[in-house]
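Structural description and commentary
Residues per chain are reported as follows:
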Amino acid sequence: ETREEWIAPDGSRRWITRQVGPLGFPSARDRERWEADGRPDLMPSSPSEDRTRTGFHIGTRKHSYRQLLALPRDPRILYERFHDAAVECQCGNGVDDQTFVVAIELLRTTPLPDDLRAAILRAIALIPGIEQHAERDVLGRPGVSVAYNGSQGRQALIFDPSTYEMLGDRSGAGGTADIESGIVDSMTERP
């Protein structure tokens, strides 16, 4: 599927999801189960649109965009903030697992200035068990991944090796690819 997403400065979000191409299955057994169930529709035939007003979060704490922009650029201080948010969350993952999740959610879901993105990546590097590898995204584009093997399996963010723009992520056998992003004037406009 493809997903287009808009994020406003107040944290409200709008997204549209569309099915692309034929339905694929992770294994032949999965396809057999689907056929045995009578081939039920697994994807909507028309685009679905959703809106939410979630704000921006570091762990369970909600922040304004202005507060995010004011975050320190010192990786050690950011790491401590993400670690504290992971401890406070008590989400059932290990603290290091959750520290990684807190940090990558900011990178994945929030438009941030380059210097803050760089500081967050440097903070992620301080998490015990972080790995860096050459890796391709789900579209086959070569990149550099920042990965963590934790209680939820392997999770990785993949970046373009020359521009450091996020190409997508991988988690288990699945993943996403970021195709285009930019700043626009409305929640319906495209970059």
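Nothing here was measured: the structure is a model prediction, and the numbers come from that model. (Residues numbered from 1 in each chain as written. Predicted model: local features only at pLDDT ≥ 70, side-chain atom pairs only at ≥ 80, totals over all residues. Heavy atoms only, no water.)

**Notes on the pairing of strand β9 (residues 166-171)**
Across five bridges, the pairing between strand β8 (residues 153-159) and β9 is antiparallel. Its bridge partner being in β9, Q155 is matched across the sheet by S171. Joining the antiparallel neighbours β8 and β9 is a turn of six residues, in which Y164 adopts a positive phi near 65°. Sheet topology places β9 next to strand β10 (residues 174-177); four bridges connect them, and they run antiparallel. (Pairing = 2+ DSSP bridges. Helix = DSSP H or I, 4+ residues; strand = E, 2+ residues; numbered from the N terminus.)

**Description of the sheet that holds strand β6 (residues 131-136)**
Pairing in this open sheet of five strands is antiparallel, and the strands run β6-β7-β8-β9-β10 from one edge to the other. This sheet does not close on itself; its edge strands, each paired only once, are β6 and β10. If you compare each strand with its neighbour and ignore which way they point, the axes differ by 25° on average. Sheet topology places β6 next to strand β7 (residues 142-150); six bridges connect them, and they run antiparallel. Bridge pairing links H133 to S145 in β7. The sheet contacts of helix α4 (residues 95-109) involve β7, β8 and β9, and relative to β8 the element is tilted by about 30°. (Axes fitted to C-alpha atoms, helices over the stretch in contact; angles between N-to-C directions. Contact = heavy atoms within 4.5 Å.)

**Quick word on the layout of surface pockets**
By volume, the second largest pocket is sized at about 240 Å³. Lining the second largest pocket we find L121, R122, I124, A125, I130, E131, Q132, V144, V146, F159 and Y164. At the level of secondary structure, the elements contributing two or more residues to the lining of the second largest pocket comprise α5 (114-124), β6 and β7. If one sorts the elements of the lining of the second largest pocket by residue count, α5 sits on top with three residues. Across the lining of the second largest pocket, the residue classes tally to eight nonpolar, one polar and two charged. (1 Å grid on protein atoms, 1.4 Å probe; cavity = no way out; pocket = protein on both sides within 12 Å on 5 of 7 lines; lining within 4 Å. Points joined across faces, edges and corners; volume = space filled by probe spheres on them. Nonpolar A, V, L, I, M, F, W, Y, C, P; charged D, E, K, R; others polar.)

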